[in-house]
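# Observations on the three-dimensional arrangement
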Amino acid sequence: MFSKILIANRGEIAVRIIKTCRRMGIATVVVYSEADADSMAVEMADETVFIGPAPAAQSYLVADKIIAACRETGAEAIHPGFGFLSENAGFAKRCAAEKIVFIGPNPHAIEAMGDKIESKKFAAKAKVSVVPGHVGEIDDTAHAIRISEEIGYPVMIKASAGGGGKGIRVAWNTKDVEEGFPAVKAEAKASFGDDRIFIEKFIESPRHIEIQVLGDKHGNVVHLFERECSIQRRNQKVIEEAPSPLLDAETRAAMGEQAVRLAKAVNYDSAGTVEFVAGQDKSFFFLEMNTRLQVEHPVTELITGLDLVEQMIRSAYGEKLAFSQKDLKIDGWAIESRIYAEDPYRGFLPSIGRLVRYDPPAEGDIGKIKVRNDAGVREGDEISMFYDPMISKLSTWAKTRLEAVDAMGAALEDFHIEGLGQNIPFLAAVMDQARFRSGKLSTNYIKDEFPEGFAGAAPTAFQRDLMAAVACAMHRVLTRRAAPELMRDDWVVIENGERRLVRVTNGAALSVEFLGEGRTLTLKDIDWRPGQPVFKGVLDGRAFAAQVEPAAEGFNIRHRAAKAKVLVLTPRIAELHEKLPPKKAADTSKMVLSPMPGLVVTLDVAVGQQVRAGEAVAVIEAMKMQNIIRAERDGMVKAVNAQAGDSVAADEVLVEFA
C-alpha cells in the first residue's frame, strides 16, 4: 500500500481524505494557497506545501506546482478530490509520465467520459439514450442562438468541463442566450480553465438520479445503487438522498446495469458517477459521467457501509475489488444537506465572512439513527470569496426515509452558525414540507415551492407554544439575576405582534399556563444559560433545540424555519408598548445595491443614462459565480459609485437614480 499520498485539494474533501488515510496508516501531504494557510486541512495533514495565491488558477489548478510538491515530499500518489484537477486528463497523463499514481480513473476514461461533449458522442456510439442537444463546439453567441432555436427552447447552456453547478444557465428565449452564453463561457474559463460550451434540450420537471460506480484495474465494475439529487438551486445540488424514492427494483437494476456497461466500455477503474435525467414515469436518459468522487458520496457510504475514498486508493494501488455486485445491498436510507454560506432570506446570495460561532450537532450513532457532518472548517475560520461557499455536508441515516428526514430536521435544529448568512433555516423548511416528505421531487422543486424566494415559514401551533415557553424561561432566568424583586408569575407574551397571557411557575420543571386557552405545558430538561445561542429542552415530551439571541427588547427566537421576536412584559408595559409607532424602513427605491460582497466585473451604465426596469446594470462575481444585477425600476442614472475591478460589500450602493 502507498506510504504517502498528496491531496491536491482543499477544505472539506481534503479533511475527508485525510481521515481515511489515517485509518489506513497512510501519511498525507496537503497543498495550500494563501487563503488556506490556517485551514483545518493544513492543521491535520502530516506535511504541507504552499503553492501560491488564493485564486485557484494560480494555485490549485497549476499542475506544475502540484507535481513539484510531490517531488519535494516524496508522495507516491495524488488524490485530486473533486473539482480543480480531478477530471483533467492532461494532469492524469502528466502524473503517469512522472511515475506518480493518480488516484482516479485512467486518462482514457477521463477523456471519453469526463468531457461532457465527448461523453455524449461516446454514449451515442454505445447506443445509450441521451438527451437531445448539440454535442459539437459552439463558436460564438450568434452560433449559440442558432443552435438553441434548432433544438427548441428551453435549452441548457453548459460548460463542457463544468461541475459543481458552475457554468450552467437555462435559456427560455433568445435574450437569455445572449446574456447567458458569454456568462457561462466566463465562468467556465475562470473555474476550469476551459471555456468550451455545449447546448442541450432542457427537460421540464425532471428528476436527477445518478448511479455510483466503482471499478478496479482488473476489469471488475460494480454499481453502489443510486442517489437522488433533484433538490437543486441554480443547478447546484442542495439536498441529496440514497436510495431514490422514485425507483422500483426493476428500474434500479436497469439503470445500474446501463451505468456498469458504460463504465466497462471505457475500462473504468475508480469511483465515478453516471448521471441520468429521469422522468416521473421512471424513464431515464444518460446525462453525463463525472469521473471523480462526488460531493454527495457520504449518502452512498451510509447505505452500503463502504468507504469510497478507501476503495479509490485500493483500486489505484492495483488491488481487486473485494466484493461483487451480489454482495452489495441497500441498508436503510440516508439524507444529505449541504450547508452553504449564503443568505436564504436575500435570494440565496453568497455571504462570505468569518464563522464567529460554528457548533454542529453531535456525530455518530444516536439511538436508531446516525449523524455525520463532513466539514473542513472550525469556529473562527473564514469562508473565502475565492472558493465554493459550502461550509459542511450534514448527513443522517435511519432505517426508513421518513425516519432519516426527521433525523435531519432534528440535526439542523441543533446546528448553530453565526457570523455570516447560511441556509440552515431553508433546509429545515424543506424537511418539514409535505411534498418533500412524500418523495414527489423534481429539479424544479425549489422554484415550484418557493416561487417568491424564501422568507421563512409561519410558526406552527407547536412552534408558537415553544417560542413563548422558551422566552418565558429565559426571561425568568435573566430577571432572577438582574432584579429578583421584579419576579412574578403572570406575564404578557407578545410574539410577532400576537398577545398571549401566561402564568409561569417553577416546580420539578417549568409550568407554562396559557390563560384563557385552558392549556398548560411543561418545559423540562432545560439546557441554557445567559449568552448561550442555543436553547435546548423538552416541551410536553418533545425534545427540541432553538436558536436564541437577545434583541433590543425581548428575544429573537428561531426554531427550524420559523422565527419570531418575542417579548415578555408586565400587563402595564404591554399596554404602553402597543402605543409605540412602528419604525419606518429606509427608502432605497432610487438605489441599486450590491446584494452580496464580491468583485465588480462590469458596471454597464453611466451618469445621465436612461435605464429601464429589468436591464442589466452590473455584474458582480462572488464564489466563482457571475451574478447579473438588474435595475428594479425605470430611471435616469444620477451617480455611479463603483467601477470594474472594485471590491464591494453587501448593500453597498452601486448606482443612484435621480
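Along each chain, residues carry numbers from 1 onward, in the same order as the chain's sequence is written. At least 70 in pLDDT is required for a residue's local features to be given in this predicted model, at least 80 for side-chain atom pairs to be given and counted, and no such filter applies to totals for whole chains, interfaces and linings, which use all residues. Excluding hydrogens and water, the side-chain values take into account all heavy atoms of the structure.

### Considerations on the packing of helix H5 (residues 107–114) against helix H6 (residues 116–125)
- Here the axes come from fitting lines to C-alpha atoms, over the contacting stretch only for helices, and the angles between their N-to-C directions go from 0 to 180 degrees. Think of it this way: any DSSP run of H or I at least four residues long counts as a helix, any run of E at least two long counts as a strand, and we number them from the N terminus. Taken N-terminus to C-terminus, the directions of H5 and H6 make an angle of 90 degrees; their axes are 6 Å apart at the nearest point. Between H5 and H6, the interaxial angle falls into the category roughly perpendicular. Of H6, the residues touching H5 (which contributes Glu111, Ala112, Met113 and Gly114) are Lys116, Glu118, Ser119 and Phe122.
- A per-class count over the contact of H5 with H6 returns 3 nonpolar, 2 polar and 3 charged. For classification, angles of less than 35 degrees are called roughly parallel, those exceeding 145 degrees roughly antiparallel, those between 65 and 115 degrees roughly perpendicular, and all remaining angles oblique. Contacts: residue pairs with any heavy atoms within 4.5 Å of one another. Residues are sorted three ways: Asp, Glu, Lys and Arg are charged, Ala, Val, Leu, Ile, Met, Phe, Trp, Tyr, Cys and Pro are nonpolar, and all the rest, Gly among them, are polar.

### Describing the sheet that holds strand S32 (residues 562–569)
- The strand order around the closed barrel formed by 8 strands is S25-S26-S27-S28-S29-S30-S31-S32, and the pairing between neighbours is antiparallel. Pairs of neighbouring strands in the sheet enclose a mean axial angle of 35 degrees, with direction left out of account.
- Bridge analysis of strand S31 (residues 555–559) against S32 gives 5 bridges, and the strand direction is antiparallel. Bridge pairing in S32 links Asn556 to Lys565. Strands qualify as paired when DSSP identifies two bridges or more between them.

### Remarks on the pattern of salt bridges
- Within this document, salt bridges are pairs made up of a side-chain nitrogen of Lys or Arg and a carboxyl oxygen of Asp or Glu, the two lying within 4 Å of each other. Counted under the stated rule, the structure contains 56 salt bridges.
- Asp381 is paired through a salt bridge with Arg378; the nearest N and O atoms lie 3.1 Å apart.
- For Asp414, the salt bridge goes to Lys536, with nearest N and O atoms at 3.1 Å. On the criterion of sequence distance, the pair formed by Asp414 in the loop between helix H12 (401–413) and strand S24 (416–418) and Lys536 in strand S29 (residues 534–539) is long-range, its members being 122 residues apart.
- Three or more residues are tied together by salt bridges with common partners; here these are Arg16, Arg23, Glu301, Asp307, Glu310, Arg314, Glu319, Arg372 and Asp374.

### A closer look at unusual backbone geometry
- Put simply, Tyr153 and Pro154 share a cis peptide bond, and its omega is 0 degrees.
- Tracing the sequence through the fold places Pro154 in the loop between helix H7 (141–151) and strand S7 (155–163).
- The omega torsion of the bond from Ala242 to Pro243 falls at -5 degrees, within 30 degrees of zero and hence cis.
- Relative to the assigned elements, Pro243 resides in the loop between strand S12 (236–242) and helix H9 (249–265).
- In the Ramachandran plot, Asp651 falls in the positive-phi region, its phi being about 70 degrees despite a non-glycine side chain.
- Considering the arrangement of structural elements, one finds Asp651 in the loop between strand S39 (647–648) and strand S40 (653–657).

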